[in-house]
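The residues making up each chain are set out below.
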Amino acid sequence: MSHFSTVKTQLRKKEFLKQALIDLGYVPNEGENLVRGYRGQTVKAQMTVEMSKGADIGFRWNEGSKSYELVTDLDLWKQSIPIERFLAQVTQRYALNTVLNSTAQEGFQVSEQKQNLDGSIELVVTRWDS
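Before going into details, it helps to say that this report is about the structure given with it. Computed from a prediction, not measured in an experiment: that's the story for all the values here.

## Considering the overall build of the protein chain
For step 1, the next point in the chain: Looking only at helices and strands, the protein chain has two helices and seven strands in total.
For step 2, the next point in the chain: Ordered by position from N to C terminus, the α and β elements of the protein chain give β-α-β-β-β-β-α-β-β.
For step 3, the next point in the chain: Within the protein chain, the proportion of its 130 residues that are buried is 35%.
For step 4, the next point in the chain: Sequence separation of at least 24 residues holds for 45% of the intrachain contacts in the protein chain that already meet a minimum separation of 6.
For step 5, the next point in the chain: Of the roughly 8100 Å² of accessible surface on the protein chain, a fraction of 50% belongs to carbon and sulfur atoms.
For step 6, the next point in the chain: Both charge centroids of the protein chain, one from 16 positive and one from 16 negative side chains, sit 4 Å from each other.

Below is the structure:
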């Protein structure tokens, strides 16, 4: 018998979570939606990604931790990468979008952004003071 699993995260800002999913090629649906699992079971989440294979992926707001938690049916996970790697990629893109937003607000511009073979991202920002 399958069931939904919840994974705690440090993802707190919806707009950066949404952009991270888009950056990774997913189509997130905002609003109160249902995450589909085993034999039609569902659970509510504030952001969902409908998957063609396996269970859907959802992120629901946890008021206690003030963060989004990932919710999915792990027994039906049929994606090309393990759930841990998926969450690591989402977290990395979330962090990148957070940094890009913060640096832009401080007047910095991206002068170089490079994706390394090991999966890390190098970012160089500059600001010219007058």
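Still more to cover.
## As for the pattern of salt bridges
For step 1, the next point in the chain: Following the criterion strictly, the structure yields six salt bridges and no others.
For step 2, the next point in the chain: Two residues, Lys14 and Glu30, come together in a salt bridge whose shortest N-O distance is 3.4 Å. Note that Lys14 is positioned in helix α1 (residues 14–23) and Glu30 in strand β2 (residues 28–36), a separation of 16 residues in sequence.
For step 3, the next point in the chain: We classify Lys14 as partly exposed; its relative accessible area is 36%.
For step 4, the next point in the chain: Relative accessible area serves as the criterion here: at 37%, Glu30 is assigned to the partly exposed category.

## Examining α1
For step 1, the next point in the chain: Taken together, the buried positions of α1 are Phe16, Leu17, Ala20 and Leu21. Taken end-on, α1 shows its buried residues confined to a sector of 140°, consistent with a single buried face.
For step 2, the next point in the chain: Buried residues in α1 make contact with β1 (5–11), β2, β3 (42–49), β4 (57–62), β5 (67–72) and α2 (83–105).

Rules and cut-offs
Residues numbered from 1 in each chain as written. Predicted model: local features only at pLDDT ≥ 70, side-chain atom pairs only at ≥ 80, totals over all residues. Heavy atoms only, no water. Helix = DSSP H or I, 4+ residues; strand = E, 2+ residues; numbered from the N terminus. Buried < 20%, exposed > 50% of the residue type's maximum accessible area, 1.4 Å probe, protein only. Contact = heavy atoms within 4.5 Å. Areas by Shrake-Rupley, 256 points an atom, 1.4 Å probe, with all protein chains shown as cover. Lys, Arg positive; Asp, Glu negative; His and termini not counted. Charge placed at Lys NZ, Arg CZ, Asp CG, Glu CD. Salt bridge = Lys/Arg side-chain N within 4 Å of Asp/Glu carboxyl O. Arc of directions from axis to C-beta.

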